[in-house]
Amino acid sequence: MLVVIGKEVSAIEKQHWSQVDPLMLAQGERVLRILRDGGHQAFFVGGCVRDELMGRPVHDMDIATSAKPDEVVRLFERTIPTGIQHGTVTVMMEDHAFEVTTFRKESDYADYRRPTSVEFVDAVTEDLRRRDFTMNAIARGLEGEMIDPFGGQMDIERRLIRCVGDAEERFTEDALRMMRAVRFASTFGFRPVLSLWKALLAGRDKLGYIATERVRMELEKIVLGPDPLRGLALLERSGLLRYAKAAQEPAAEMLGAAEMLGAAAEAGANVVAGANAVAGAVAALARRLLHREPPRRALLAALPLLAPAPPALRWSLLLQALGAPGEAASPLLKSWTFPNRTAQEAAGIVRFDEAWEAILAEAPGEREQRRGWIGLQVAFGRETAAWWLHRQQAVVQAAIGDDAKRQADQAILARAAAWHREVQVHTLKELAISGGDVLQAAGRKGGPWLSERLKQLLIAVAAGELPNDRATLLKHVETVVEDDGSKPIA
């Protein structure tokens, strides 16, 4: 029987790798053999071991070794000094790269993030001692032997998140670990143990030392993960995001970033509590937090129904559920260092929704709604309109309560989807005539009227009121000029 430190190896631990690409595994095992043949210890460590035990796909395989960085470089033909000062060398095999890190211990952390000193050690157990959570502090050898000095396998079986050693020390060493704890709880459906939670509450102010970009990356993994409402609920209960750098400056003319995300988290907590409580709890939260009685109370409940890509789908829904107007959505996301593309796409969906709601309020007839939709699709683009349709299907699906309203919303969506498919042109470049053609046909000088006339032609063609035919469009321009009483230039 294989033996690990502190416990026996269970049947599942004796099995071969089942969650790893065979080619990656073969090349990773070659790295271990080369290191061992060179007289060094070597183990797979971290997320690959954890994910294999959990039955989750393994995407990369990290390796820990007693070999010093210079020894690793000498043993392999192709290496990259990724973080050689901290003991990490990337070994390039034929098809896959492997981060190989020397056993080490760390001390004297600066800014609650980076160790100021690293000491290389010979024992894998000492290396595992510096890691964040017990589930990530397991090593696996070439023959399948497990080294698990902190009970990580048992915590995985019990679905618990526990720090290695003293939780307050782990969070003081690296404050981002608090966000990672929430992310793992959300992604894996695990429960933080009480000692971890108390340490998180006691140390949450240290998150302010962490770069906004790193906090945002963890937040993205939560919101775009399999159970965003659970993650947002844990963030709200902990108050963690209120201490992030970006949360210290509220966006103009809207709720502060921390309050908005905290509000979403609180709503998420109520949604997670049970389906029967969703309608009343979310409606009450919306009244209190959004300062309005929503017809859109299902927005937060729809969050998990949306695919994580493109990210703008979920972010637009989350921001809009919290009352962020379209013009403020992009600045808010950028303040959290989101990429310009994500910020712009999310803001576009929010603005599209606001404009469509205004059209529905002002145009009760289907004909007017159709023309309004086509105008929006031309203005915002086919892609934004398609994303909105996809997002809104999830909102209708998540709606609770009024069946008649749900059916009415579904009917409007069906019509909008049909109108979406009808539109064949979206830009002036797609028209069969140009601005110069319009000037010549009208016999007038250029001016603001030209831009307006081209937009009118584009909408008319997009709506199917005019064919996209050069002769027909030129004739239409001439007719409009005559009807306006405009005189050609002599």
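Residues numbered from 1 in each chain as written. Predicted model: local features only at pLDDT ≥ 70, side-chain atom pairs only at ≥ 80, totals over all residues. Heavy atoms only, no water.

### Here's the deal with the sheet that holds strand E10 (residues 139-140)
Sheet strands line up and pair through hydrogen bonds in the backbone, either parallel or antiparallel.
Item 1. Across the sheet, seven strands lie side by side as E5-E6-E7-E4-E3-E10-E11; this open sheet has mixed pairing. Two strands bound the open sheet, and with one partner strand each, they are strand E5 (79-83) and strand E11 (146-147).
Item 2. Where strand E3 (residues 42-45) and strand E4 (residues 62-65) come together, four bridges link them in antiparallel fashion. Counterpart to valine 45 in the pairing with E4 is aspartate 62.
Item 3. Running at roughly 145 degrees to E3, helix H2 (residues 22-37) makes contact with E3, E4, strand E6 (88-92) and strand E7 (97-102) of the sheet.
Item 4. On top of the sheet, helix H3 (residues 47-54) reaches E3, E4, E10 and E11; it is set at about 60 degrees to E3, its chief contact. (Pairing = 2+ DSSP bridges. Helix = DSSP H or I, 4+ residues; strand = E, 2+ residues; numbered from the N terminus. Contact = heavy atoms within 4.5 Å. Axes fitted to C-alpha atoms, helices over the stretch in contact; angles between N-to-C directions.)

### Quick look at the nonpolar core
Item 1. In terms of nonpolar packing, the biggest core is built from 130 residues, with Met61, Met179, Trp336 and Trp373 touching the most fellow members.
Item 2. Top element by residues in this core is helix H22 (residues 448-462). It accounts for nine residues.
Item 3. Core analysis: the next-biggest nonpolar cluster, separate from the first, contains eleven residues, Ala64, Leu128, Ala139 and Val164 among them. (Core = buried A, V, L, I, M, F, W, Y, C linked by side-chain atoms within 4.5 Å. Buried < 20%, exposed > 50% of the residue type's maximum accessible area, 1.4 Å probe, protein only.)

### Let's talk about helix H18 (residues 366-380)
Item 1. Its 15 residues place the ends of H18 21 Å apart at the C-alpha level, agreeing with the 21 Å of an ideal helix rising 1.5 Å per residue.
Item 2. Turning to H18, its buried residues number three or more, namely Gln369, Gly372, Trp373, Ile374, Leu376, Gln377 and Val378.
Item 3. Those residues of H18 that are buried lie in contact with helix H17 (340-362), helix H19 (382-398), helix H20 (403-422) and H22.
Item 4. Glycine 381 sits one or two residues past H18 and shows a positive phi near 100 degrees. (Expected span 1.5 Å × (residues − 1).)

### A few points about the pairing of E3
Item 1. Here E3 shows a buried face lined by Ala42 and Phe44 and a second buried face lined by Phe43 and Val45.
Item 2. Bridge count between E3 and E10: two bridges; the pairing is antiparallel. Paired with valine 45 across the bridge in E10 is alanine 139.

### As for the packing of helix H9 (residues 194-203) against helix H11 (residues 228-238)
Item 1. One can describe the packing of H9 onto H11 by two numbers: an axis separation of 10 Å at closest approach and a directional angle of 60 degrees. Considered as vectors, H9 and H11 are oriented oblique to each other. Contacts between H9 and H11 involve Trp197, Leu200 and Leu201 from the former and Leu234, Arg237 and Ser238 from the latter.
Item 2. Grouping the amino acids of the contact of H9 with H11 by side-chain chemistry returns four nonpolar, one polar and one charged. (Parallel < 35°, antiparallel > 145°, perpendicular 65-115°, else oblique. Nonpolar A, V, L, I, M, F, W, Y, C, P; charged D, E, K, R; others polar.)

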